[in-house]
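Here are the chains, one letter per residue:
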Amino acid sequence: MSRGLILGIESSCDETAAAVVERGARTLSSVVASQISTHATYGGVVPELASREHLRAIVPVVRAALDQARASFDDLDAVAVTSGPGLAGALLVGITYAKALAFARGLPLIAVNHLEGHIHAVLLEERQKRTQVSAATEHGALPPLRQKEAARVGHGAVEEEPALALVVSGGHTHLYRARPSGGSWRYALVGRTLDDAAGEAYDKVAKLLGLGYPGGPWIDALAVFGNPQAVPFTFAQIKPKVHLQGKAPRTKAAKTAPIADLDPHFLFSFSGIKTAVLRYVELHHMREEAQARVPRMLAMGHPPKNREDALALCPQSTLDLVASFQHAVVGDLMKKTFAAAESVRATRILVTGGVAANRELRARFTAEAARRGVTIAFPTLALSTDNAAMIAAAAWPRFMAGEFAAPDLTGDPSLTLGR
Ligand code: KG4
Ligand code: ZN
């Protein structure tokens, strides 16, 4: 009997990942080979280097994923691969490998949109919990209170509800209305960034301040020791239609998704705050000090964990700047996400993507959700950033529906979700 095992492959940006997931609900393995050390010297992803590293990593990463799942190629029911959006050359490595494997083994090939993958990172973990809880209930291992919760979760009450999803990463800041429909999911774009993604702003600000790459985890760690009110960064409301008046979209991300029909209240723009930080740094003569930090930061290797180490690396003024930047970004994400959820009448919010790993973001979104009586879910930290378990999980409904990719599948760097 088929075990419903899907091998997921992800190579859209700077992580080569493979995972084996059973029936879209149980992760048997999830292996991620990060290229951070390759790109760190450049302070950002270098596309040519990313393709080369994917080529090096893909075979051992898939082998490790199968080994950890105690599975062989013969046990697989399908191969799923990210087909976009992402870097053209990077996508091609995963797709070529997946196509060759599917052809050689006579397995169906499933193409997965990376953004849908991020949403399924949360759904996978909810399904996983549900499976564990129902198994525990069957064996009478749960106390009465947990049994009540199990009954609610176990009967699919949670998953079947529509949701508002915020995908917030280094490449995307998108709001979607996600609703289950006949075993699979449908998406409608509700909002998105007009220029930089939130994670991109984190990475650029970190680079400017001489902090490590990727910037998110460094700013996350340092912000704890700064005063978030020190620098009053603000986000201007994007005016109706102004973003459309004859201006060509400025970034690749902005060109690839329609904006004309979106409510401007749900549009983001993170290039302004990046420039505001740059001006602040210049005005307060912080540039030299930032440059001098680079060798110390490299020697440190990972972000400081206590105030003493943070102050050894940055003066209080930098810690305050970092905390103020993060406070403003999280505030803006929060305001628009909750307003969008209200507008589409979603009582459930899913927050996913690399920036969803941020501690301040999780704390403030969780508190606001409780205040409004809305359900909120995040993936675990490992599934917040790019991985292949989310790709295998998103492929499961397509596998069940027999939606397979053509043998001439190619990557689409500008693939959109839910027009
Ligand atoms: O989802 P992801 O791994 O790749 C993309 O699809 O882009 O996200 C990577 C992004 C980077 O910009 C990184 O700085 C950011 O997520 N990030 C964070 C944190 N961890 C990663 N941003 C804020 N706080 C974090 N803890
Ligand atoms: Zn991603």
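Structure: see above.
The sections below set out a description of the structure shown in this document.

Reading guide: rules and limits
Residues numbered from 1 in each chain as written. Chains lettered and ligands numbered in written order. Predicted model: local features only at pLDDT ≥ 70, side-chain atom pairs only at ≥ 80, totals over all residues. Heavy atoms only, no water. Helix = DSSP H or I, 4+ residues; strand = E, 2+ residues; numbered from the N terminus. Buried < 20%, exposed > 50% of the residue type's maximum accessible area, 1.4 Å probe, protein only. Contact = heavy atoms within 4.5 Å. Areas by Shrake-Rupley, 256 points an atom, 1.4 Å probe, with all protein chains shown as cover. Expected span 1.5 Å × (residues − 1). Bend = angle between axes of the 7 residues up to and from the residue. Donors = N, O, S within 2.8 Å, 3.2 Å for Na, K, Ca; no water. Tetrahedral: all angles 85-135°; square planar, octahedral: opposite > 155°, others 65-115°. Pairing = 2+ DSSP bridges. Axes fitted to C-alpha atoms, helices over the stretch in contact; angles between N-to-C directions. Salt bridge = Lys/Arg side-chain N within 4 Å of Asp/Glu carboxyl O. Near = heavy atom within 4 Å. Polar contact = N/O pair within 3.5 Å; in protein donor to acceptor, adjacent residues only side chain to side chain. Nonpolar A, V, L, I, M, F, W, Y, C, P; charged D, E, K, R; others polar. Domains from an automatic or database assignment. Core = buried A, V, L, I, M, F, W, Y, C linked by side-chain atoms within 4.5 Å.

### Comments concerning the overall build of the protein chain
Looking only at helices and strands, the protein chain features 15 helices and 11 strands. Of all 419 residues assigned to the protein chain, the portion counted as buried reaches 53%. Counting only contacts in the protein chain whose residues sit at least 6 apart along the sequence, the fraction spanning at least 24 positions is 75%. With an accessible surface of roughly 18,700 Å², the protein chain has 57% of that area assigned to carbon and sulfur atoms.

### A short note on helix 10 (residues 287-300)
If you check helix 10, its first and last C-alpha atoms are 20 Å apart, about what 14 residues at 1.5 Å a residue would give, namely 20 Å. The largest bend in helix 10 comes to about 35 degrees, at V294, with the proline P295 one to four residues further on. A positive phi of about 85 degrees marks G301, the residue just after helix 10.

### Some words on helix 2 (residues 47-68)
Between its terminal C-alpha atoms helix 2 stretches 29 Å, which fits the 32 Å expected from 22 residues at 1.5 Å a residue. A57 marks the point of greatest bend in helix 2, at about 45 degrees, and the proline P60 comes within the next four residues. Considered for burial, the residues of helix 2 that qualify are L49, A50, S51, E53, H54, A57, I58, V61, V62, A65 and L66. In this structure, the buried residues of helix 2 make contact with strand 1 (5-10), strand 2 (15-22), strand 3 (26-34), helix 1 (36-40) and helix 3 (88-105). After helix 2 finishes, the residue R70 shows a positive phi value of roughly 50 degrees.

### A look at the coordination of the zinc ion (ligand 2)
Those donors, H114 (NE2), H118 (NE2) and D386 (OD), are the protein atoms that reach the zinc ion (ligand 2), and they lie 2.0 to 2.1 Å from it. Geometry at the zinc ion (ligand 2) is irregular, judged from the four donor atoms that bind it and their angles of 95 to 140 degrees at the metal.

### Quick look at the sheet that holds strand 9 (residues 267-268)
Strand pairing in a sheet relies on backbone hydrogen bonds. The paired strands run either parallel or antiparallel. Ordered by their spatial adjacency, six strands build an open sheet running 9-8-7-6-10-11, and the pairing between neighbours is mixed. The sheet is open, and its two borders are formed by strand 9 and strand 11 (375-377), each paired with just one other strand. By the bridge criterion, three bridges tie strand 10 (residues 348-352) to strand 11 in an arrangement that is parallel. Pairing of R348 across the sheet is with T375, part of strand 11. The sheet strands contacting helix 12 (residues 316-343) are strand 6 (163-168), strand 7 (173-181), strand 8 (184-193), strand 9, strand 10 and strand 11, and the helix crosses strand 6 at an angle near 155 degrees.

### A short note on the pattern of salt bridges
In this structure the tally under the stated criterion is 18 salt bridges. The partner of R398 in a salt bridge is E116, and the shortest N-O contact between them spans 2.6 Å. Taken as a pair, R398 in helix 15 (residues 389-401) and E116 in helix 4 (residues 114-138) lie far apart in primary sequence, 282 residues in all. For R398, a relative accessible area of 23% gives the class partly exposed. Given a relative accessible area of 3%, E116 falls into the buried group. For R398, the salt bridge identified is with E403, shortest N-O distance 2.8 Å. For E403, a relative accessible area of 38% gives the class partly exposed. Shared partners join several salt bridges into a network, and the residues in it are D196, E200, K204 and K274.

### A look at the site of ligand 1
Surrounding ligand 1, one finds 20 residues, the nearest of these being G170, D203, G216, D220 and N358. H118 places a side-chain nitrogen or oxygen 3.4 Å from an oxygen atom of ligand 1. Note that an oxygen atom of ligand 1 is positioned 3.2 Å from one of the backbone N or O atoms of G171. Contact with the protein chains covers 91% of the free accessible surface of ligand 1, which is 550 Å². Looking at the shell around ligand 1, the elements that each hand over two or more residues are helix 4, helix 6 (198-208) and helix 7 (215-223). Element by element, the count of residues in the shell around ligand 1 is highest for helix 7, at four residues. Tallied by class, residues from the shell around ligand 1 come to five nonpolar, 12 polar and three charged. When residues are assigned to domains, the shell around ligand 1 turns out to be shared by domain 1 (1-159 + 385-419) and domain 2 (198-346), each giving three or more.

### Re the pairing of strand 8
Judged by how many residues are buried, strand 8 sits mostly within the fold: eight of 10 residues are covered. Counting the residues that bridge the hairpin from strand 7 to strand 8 gives two residues, and of these G182 lies at a positive phi of roughly 55 degrees.

### Remarks on the sheet that holds strand 2
With mixed pairing, five strands are arranged side by side in an open sheet as 3-2-1-4-5. Each edge of the open sheet is held by one strand with a lone partner, namely strand 3 and strand 5 (109-113). Shown here is a sheet whose adjacent strand axes are inclined to one another by a mean of 20 degrees, direction ignored. Where strand 4 (residues 78-84) and strand 5 come together, five bridges link them in parallel fashion. Within the sheet, the bridge partner assigned to A80 lies in strand 5 and is I110. Sheet strands touched by helix 3: strand 1, strand 4 and strand 5. Its angle to strand 4, the strand with the most contacts, is close to 155 degrees.

### Thoughts on the nonpolar core
Membership of the largest hydrophobic core comes to 56 residues, with the highest contact counts inside it found for L211, V277, F325, L333, V351 and F365. With residues up to four places along the chain from it excluded, the contact list for F325 reads A201, Y202, V205, I219, F233, I273 and V277. By size, the runner-up hydrophobic cluster in this structure holds 28 residues, among which are A18, V81, L91 and L409.

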